[in-house]
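# Structure at a glance
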Amino acid sequence: QVQLDESGGGLVQAGDSLRLSCAATGRAFSRHTVAWFRQAPGKEREFVAGLAVRGARTSYADSVKGRFTISRDNGMVYLQMNSLKPEDTAVYYCAATIWMDITELSSTYNYWGQGTQVTVSS
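We now turn to the structure provided with this report. (Residues numbered from 1 in each chain as written. Predicted model: local features only at pLDDT ≥ 70, side-chain atom pairs only at ≥ 80, totals over all residues. Heavy atoms only, no water.)

Applying the stated criterion to the full structure yields five aromatic pairs. Ring plane angle 75° and centroid distance 5.1 Å describe the contact between Phe37 and Tyr109, whose orientation is recorded as edge-to-face. Taken together, the residues Phe37 in strand β4 (residues 33–39) and Tyr109 in the loop between β9 (90–97) and β10 (111–112) connect sequence positions 72 residues apart. Through a chain of ring-to-ring contacts, the aromatic side chains of Phe37, Phe47, Tyr93, Tyr109 and Trp112 assemble into a single cluster. Sitting over the ring of Tyr93, Arg45 keeps its end group 3.8 Å from the ring centre. (Phe/Tyr/Trp six-rings, centres within 6.5 Å; stacked < 30°, edge-to-face > 60°. Helix = DSSP H or I, 4+ residues; strand = E, 2+ residues; numbered from the N terminus. Lys NZ or Arg CZ within 6 Å of the ring centre and 35° of its normal.)

Here it is as structure tokens:
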């Protein structure tokens, strides 16, 4: 079992930066691919960024490429968000899957955090 707990969300202005953190517990966490998803009001949950167990490959949604960076360090997963835009406003979720490579399908992730709200004002 893996448990995930996000933090670091908040209210910022356009152009600001935020770093989201996800604390993971569970002995097998190091063998899980991890990702960040987000869900804005009235929209479906969407893939933001992923970091594979195999080869530490990363993948990003086109909308955040060049602005967001995913990383992990032992039991922590981070999402560094720079140059934030109002359209980045959403609840952000940390997720983990036993798949060895990144998948953008939320249904393939076994474990989820409770989410952290990010609001970007214009």
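Here we come to the pattern of salt bridges. Scanning all chains against the criterion turns up five salt bridges. Among the ionic pairs, Glu46 bridges to Arg38, the shortest N-O distance being 2.6 Å. Residue classification places Glu46 among the partly exposed positions, given a relative accessible area of 35%. Linked by salt bridges that have partners in common, Arg38, Glu46, Arg67 and Asp88 make up one network. (Salt bridge = Lys/Arg side-chain N within 4 Å of Asp/Glu carboxyl O. Buried < 20%, exposed > 50% of the residue type's maximum accessible area, 1.4 Å probe, protein only.)

Once that is clear, we can look at the state of the cysteines. Between two cysteines, a covalent bond joining their sulfur atoms is known as a disulfide. Throughout the structure, instances matching the rule amount to one disulfide. Between the sulfur of Cys22 and that of Cys94 lies a disulfide, 2.3 Å long from S to S. On the S-S bond that ties Cys22 to Cys94, the torsion sits near -85°, and the link is left-handed. Taken together, the residues Cys22 in strand β3 (residues 18–25) and Cys94 in strand β9 connect sequence positions 72 residues apart. Summarising the burial analysis for this pair, Cys22 and Cys94 share the class buried. (Disulfide = S-S within 2.5 Å.)

Here strand β11 (residues 116–121) shows a clear split, with Thr116, Val118 and Val120 buried on one side and none of Gln117, Thr119 and Ser121 buried on the other. Bridge count between strand β2 (residues 10–13) and β11: four bridges; the pairing is parallel. Across the sheet, the residue bridging to Leu11 is Thr119, located in β11. In the sheet, β9 pairs with β11 via three bridges, with the strands oriented antiparallel. When the bridges of β11 are listed, Tyr92 appears paired with Thr116. (Pairing = 2+ DSSP bridges.)

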